[in-house]
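Structural description and commentary
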Amino acid sequence: MADLEIKNLHVRTEDREILRGVDLNISRGEIHALMGPNGSGKSTLANTLLGHPSYEVTEGEIFFKGENITESEPHERAKAGLFLAFQYPVAIPGVSVANFLRMAINAKREEPIGVKEFREHLKHAVELLDVDRAFTSRHLNDGFSGGEKKRAEILQMAMLSPDVAILDETDSGLDIDALRTVAEGVQKLHDEQGLGALIITHYQRILHYVKPQFVHILMDGRIVLEGGVELVERLEREGYDQIRQEHGVGV
Amino acid sequence: MSEIAVKPGRHREATLYHALAGEGAGDGRTLEEMRAAALAAFEREDLPVWRRSGFWTTSFADLDLDALQARTHPADVGVPDLVTQTLPDRPRAGRIVQREGTVVQVELDPELTERGVILCSLEDAAHEHPDLFARWYSKRLTIDRHKLEAANAAFWTGGAFLYVPDGLVVDDPFEIVYTIDGPGVAQYGRTLVVGGRMSDFKVHEHDLADDFGEEAVAGSDVDSTPRQSLHAGAFELYLQDGARCRLAQVQDWGTGEVHDCSTRFVCVGRDAYCHWLPALLGGHLVRHHCELSVSEPGGDMAFRGLFFTQGHEQLDVFAVDLHETGPSGGDVHWRGAATGESRASFEGLIKIDPGAQKTHTYLQAHTMVLSPKARLDAIPSVLVSADDVSASHGGTVGELDESSIFYMQSRGLDRAAAVKVIVEGFFEPTIGELADEPLQGLVREKIASKLAAARDDIEAYATAR
Ligand SMILES: Nc1ncnc2c1ncn2[C@@H]1O[C@H](COP(=O)(O)OP(=O)(O)OP(=O)(O)O)[C@@H](O)[C@H]1O
Ligand SMILES: [Mg+2]
């Protein structure tokens, strides 16, 4: 049984159905890539997995570590070991990155984390992602550049050590050096801690640094094609239209 | 963020209240004469009701004044436990505590006494420092605009008087405390503070009452036991040439039916500066008129404020940024939140008098509604009678941002914790301006405990959406 099991997931917003039967299994230690055209439902899937209130699951189920979490509160899913690096992280004025991380870590624990332990943990993560130490005393995402926000997402991931992380276009908006740092960070968490990841992306370039074992193509709310890295290359060559025709999706 | 720059000469009428903006009652009359005049006004006037066309009424008509006593205590009754429990234990220059009608503690660093600082009850000041008293008492405060203002001026007992002589710099704050023990009390508190030329000092006022809400009154004979108490307050602060003062007022009347109808006036003299921050954090029905006047050239001020209402509380704040001469500067920034079924109204008025050329001022009010039944209005108004000035106002009206809440939840914080982060973040810029660790701690603590009390309302807000 996979750690994260998505079964026949149908999701709608107030006005329409967006996911129309998604099946996907992700386990610790596996790296998956999810690609698909704009508006195909990638972020909807990511948000639904964490329980965003705007998305209603009308059919299907989500299991995490054997538990049905389809109706769970977002914070319970997080505490169980799921993580989402947002495509558009929101600013939380009034709380520093470090204090927020301390709160998030403590939310998962019985006893609050010790000052020293936290400091060392933070130091490690800061080095892994090559961010300036002063960064952690700034208010979370408040006035951050696009790239800084993405780094802050991965910094949080490194600190919270999830079992399965969904990275929603974390590569967009990163310059080439930042992209390498972030991607290598993800790879390292995978190698050292057995992180499982679903990397949502439009581009091949992040996949030069993080090697996915599985690639899934989402179109019009369904996974229409699955395979290995060769799929990415094919996509890059042929574009989505070819696949659309082959699989008869969307008019 | 909406921002409106006001063209010079353009007039916009305040919608409900008027600035004091004139001479006070202290025009050479003796205290006895003023008390008599106030008593006449008290007998003439009805309990105040303020009505803004259509949507807002602040009414003290339900106050049962006859059931309330202006209770006094033997002077040695001592400081209520509430004061020691609530106020931060910190170095201070002095402290005066008024329990209901009686001053029960006056404490002043002996070194400051030697250097000419006066801290005593206002009653004592009238006898022992008649010249200072006559010069400043009610210089800008009126005594007859409505029944409760008149009641204060006619009946006040105890009171606080602080005088900081010319040139003296005092680092630690002077604390002025008003407390109410329980229901059935009318407290007429009156404070007069004067900062001499080039003096530099801090004043922290604390207004507090023991909780005597539902639980506390339960069990007693409901019909015969009064539930209400009243604090009718008057506060005046005068800063002479070049004086600087940081004034912070932390008010939390607890869960009892405390009615608070107060007027506070701060007058900034030539090249003087005042940083004023009222924190209004609790009271059954509160109406505050806070007026900050830059009355002589070169005066400058920062007027900050915060409020947070919960349960069935009703709060009505009228904050005036008055410029009587120029050049002068002003900067008004208030933040308020409401939860439960509480109602809060903030009206901010910039008033620039004809002689106040070269005045630059800005007023902003940021508000946040935390529960579906809470109501919060923020109304800026501007009255400009000079043409070489800049005055503008802006503000935001916020609700809980669901995407921020989801973001934090996705990191493991539950909804209540996420809301707490947002609300604290919302107030933090203002709390930061207190620039005083112990006081900041107190205000943060109070906001946290109000949030904890409002937990159910905040949950209801989520499901109502
Ligand atoms: N909260 C919402 N309310 C209404 N419609 C929504 C909502 N969220 C997503 N949608 C719609 O659902 C569709 C899928 O959006 P989604 O953000 O999941 O796409 P995506 O695959 O992540 O696209 P992109 O590559 O541009 O990030 C879009 O048509 C979008 O407008
Ligand atoms: Mg997306």
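What you are looking at is a predicted structure, and each value in this text was computed from that prediction instead of being measured.

Residue and element names in this part refer to chain B. With 10 of 11 residues buried, strand E20 (residues 359-369) is to be regarded as a mostly interior element. Two strands pair when backbone bridges link them, and E20 and strand E22 (residues 390-399) are joined in this way by 10 bridges, in the parallel orientation. Residue pairing for E22: alanine 365 is matched across the bridge by glycine 395.

Quick look at the coordination of the magnesium ion (ligand 2) now. Note on the magnesium ion (ligand 2): its protein donors are Ser43(A) (OG) and Gln87(A) (OE1). The metal-donor distances range over 2.0 to 2.2 Å. Of this pair, Ser43(A) sits in helix H1 (residues 42-49) while Gln87(A) sits in the loop between strand E6 (82-85) and helix H3 (97-107), and the two are 44 residues apart along the sequence.

Looking now at the interface of chain A and chain B. Taken together, the contact pairs 30 residues of chain A with 13 residues of chain B. Where chain A abuts chain B, roughly 1700 Å² becomes buried across the two surfaces, and 72% of that area is made up of carbon and sulfur atoms. Taken together, chain A and chain B are joined by 1 salt bridge. Residues Arg411(B) and Glu153(A) are paired through a salt bridge, measuring 2.6 Å at the closest nitrogen-oxygen approach. Scanning the region where chain A abuts chain B turns up 7 residue pairs in polar contact (both at pLDDT 80 or more). Those elements giving two or more residues to the side of chain A that touches chain B turn out to be helix H2 (74-80), E6, H3 and helix H5 (146-160) of chain A. Residue composition of the side of chain A that touches chain B, by class: 20 nonpolar, 7 polar and 3 charged.

A word on the nonpolar core. A general tendency of soluble globular proteins is for nonpolar side chains to be buried together. Core analysis: the biggest nonpolar cluster contains 116 residues, and Ile217(A) and Ile447(B) have the highest contact counts within it. No other element matches the 8 residues that helix H9 (residues 415-432) of chain B contributes to this core. Not counting the four nearest positions on each side in its chain, Ile217(A) is found in contact with Met35(A), Arg222(A), Ile223(A), Val224(A), Leu225(A), Leu231(A), Leu235(A) and Tyr240(A). By size, the runner-up hydrophobic cluster in this structure holds 58 residues, among which are Ala93(B), Phe174(B), Val286(B) and Leu376(B).

Residues and elements named next belong to chain B. Per the stated rule, a full pass over the model turns up 17 aromatic pairs over all chains. Arranged with centres 5.8 Å apart and planes meeting at 75 degrees, the rings of phenylalanine 303 and tryptophan 334 form a pair that is edge-to-face. Note that phenylalanine 303 is positioned in strand E16 (residues 300-309) and tryptophan 334 in strand E18 (residues 328-338), a separation of 31 residues in sequence. The pair formed by phenylalanine 303 and tryptophan 334 is uniform in burial state, with each residue classed as buried. An aromatic cluster of at least three residues, connected via ring pairs, comprises Trp276, Phe303, Phe307, Trp334 and Phe346.

All names here are of chain A. Spatial ordering of the open sheet is given by E2-E1-E4-E5, a layout of 4 strands whose pairing is antiparallel. Where the open sheet ends on each side, the last strands, each with one partner, are strand E2 (17-26) and strand E5 (67-68). Where strand E1 (residues 4-12) lies against E2, 7 bridges are found, and the strand directions are antiparallel. Note on E2: the bridge partner recorded for leucine 9 is valine 22. The strands touched by H1 within the sheet are E1, E2 and strand E4 (56-64), with E1 carrying the most contacts at an inclination of about 115 degrees.

So, how was this worked out
- Residues numbered from 1 in each chain as written.
- Chains lettered and ligands numbered in written order.
- Predicted model: local features only at pLDDT ≥ 70, side-chain atom pairs only at ≥ 80, totals over all residues.
- Heavy atoms only, no water.
- Buried < 20%, exposed > 50% of the residue type's maximum accessible area, 1.4 Å probe, protein only.
- Helix = DSSP H or I, 4+ residues; strand = E, 2+ residues; numbered from the N terminus.
- Pairing = 2+ DSSP bridges.
- Donors = N, O, S within 2.8 Å, 3.2 Å for Na, K, Ca; no water.
- Contact = heavy atoms within 4.5 Å.
- Buried area = accessible area lost by both parts, 1.4 Å probe.
- Salt bridge = Lys/Arg side-chain N within 4 Å of Asp/Glu carboxyl O.
- Polar contact = N/O pair within 3.5 Å; in protein donor to acceptor, adjacent residues only side chain to side chain.
- Nonpolar A, V, L, I, M, F, W, Y, C, P; charged D, E, K, R; others polar.
- Core = buried A, V, L, I, M, F, W, Y, C linked by side-chain atoms within 4.5 Å.
- Phe/Tyr/Trp six-rings, centres within 6.5 Å; stacked < 30°, edge-to-face > 60°.
- Axes fitted to C-alpha atoms, helices over the stretch in contact; angles between N-to-C directions.

Honestly, that's just the spatial picture; any functional story needs more than this.
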